Amino acid sequence: MTDVRESGSSALVIVPTFNEIDNLPLIVPAIRASIPDAHILVVDDGSPDGTGALADTLAATDNHVFVLHRSVKSGLGDAYLAGFEWALARSYEVVVEMDADGSHPADALPALIAAVRPGSGWGMSIGSRWVAGGSVIDWPWHRELLSRAGNAYARVMLGLSVKDATAGFRAFGPGVLASIHLENVESHGYCFQIDMTRRVRNAGYLETEVPIVFREREHGESKMSGSIVREAMGRVTVWGLARLFRR
């Protein structure tokens, strides 16, 4: 394994992909321009559209880009867990989650990373749509209602303080991922982010939110589905009831 002290970067941005061949050539340069010293790990789930091969091409011409190929598409959560394992093996100080579809603004990366640097007091920073200064663009009303309602339900059931626990744009500070028992994470899609939020909180770390402007994807199809929403509702309910009975 290559130690990050030899690789020249202390921050890693994990970008999971499945059929993102139109978006990947846009998001990688945007990340590189925003945080030139950081590394990028593309975690591709065997995209049939050639995204994985394109990622290899990008990595071959840029020593800040790496690719992790997975043969099975088993959910966003599993892709991130594989990326976390890769990052922990290489001693990155800060690890970032970021979608490939352009919905997360790359120019917010410096603030997101700075928020969890050593001495900041924060274990996790979230690129948030629902705090002052945050917003969404080109979202239908029912998507916004679903997100706001889901976050409100998670806050009540789990006692969370953050406004956007479902956000997939976030940074973890030094030592956080190594201390929250990733081997026990079984959640996938939509609720994976809620699960990580509660685990960071339960491990004793503080969380902060950085306002972002979230844009709907222009290329490709959304991975959101009814089964993902149902999984989130079911798991949050179970976690909330368990928390209530423990109290």
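Read on for a plain summary of the structure. Model, not experiment: these values are computed from the prediction.

**Quick look at the pattern of salt bridges**
Using the criterion set out here, one finds eight salt bridges in the structure. Arg-32 serves as the salt-bridge partner of Asp-62, at 2.7 Å between the closest nitrogen and oxygen. With Asp-62 in the loop between α3 (51-60) and β3 (65-69) and Arg-32 in helix α2 (residues 24-34), this pair connects stretches of sequence that are 30 residues apart. The partner of Arg-117 in a salt bridge is Glu-93, with the nearest N and O atoms 2.9 Å apart. In this pair, Arg-117 is assigned in the loop between α5 (109-114) and β5 (124-128) and Glu-93 in the loop between α4 (76-89) and β4 (94-97), connecting sequence segments 24 residues apart. Residue Arg-117 is classed as partly exposed on the basis of its relative accessible area, which comes to 30%.

**Overview of helix α6 (residues 141-158)**
Its 18 residues place the ends of α6 26 Å apart at the C-alpha level, agreeing with the 26 Å of an ideal helix rising 1.5 Å per residue. Among all positions in α6, only Arg-143, Ser-147, Gly-150, Asn-151, Ala-154, Met-157 and Leu-158 are buried. Angularly, the buried residues of α6 cover 140 degrees about the axis, an arc narrow enough to put them on a single face. The exposed set on the far side of α6, more than 90 degrees from its buried face, consists of Trp-141, Leu-145 and Val-156. Just beyond α6, the residue with positive phi is Gly-159, at close to 70 degrees.

**Examining helix α7 (residues 189-202)**
For α7, with 14 residues, the first-to-last C-alpha span of 21 Å sits near the 20 Å given by 1.5 Å per residue. Counting buried positions along α7 gives 12 out of 14 residues, so the element sits mostly inside the fold. For α7, the complete set of buried residues consists of Gly-189, Tyr-190, Cys-191, Phe-192, Gln-193, Ile-194, Asp-195, Met-196, Thr-197, Arg-198, Arg-199 and Val-200. Phi turns positive one or two residues past the end of α7, at Gly-204, with a value near 95 degrees.

**Details of the packing of α4 against α7**
Here α4 crosses α7 at 50 degrees, and the two axes come no closer than 7 Å. In terms of their interaxial angle, α4 and α7 are classed as oblique. Judged by residue contacts, Leu-76, Gly-77, Tyr-80, Leu-81 and Phe-84 of α4 engage Gly-189, Phe-192, Gln-193 and Met-196 from α7.

The rules behind these values
Residues numbered from 1 in each chain as written. Predicted model: local features only at pLDDT ≥ 70, side-chain atom pairs only at ≥ 80, totals over all residues. Heavy atoms only, no water. Salt bridge = Lys/Arg side-chain N within 4 Å of Asp/Glu carboxyl O. Helix = DSSP H or I, 4+ residues; strand = E, 2+ residues; numbered from the N terminus. Buried < 20%, exposed > 50% of the residue type's maximum accessible area, 1.4 Å probe, protein only. Expected span 1.5 Å × (residues − 1). Arc of directions from axis to C-beta. Axes fitted to C-alpha atoms, helices over the stretch in contact; angles between N-to-C directions. Parallel < 35°, antiparallel > 145°, perpendicular 65-115°, else oblique. Contact = heavy atoms within 4.5 Å.

By themselves these figures say nothing about function.
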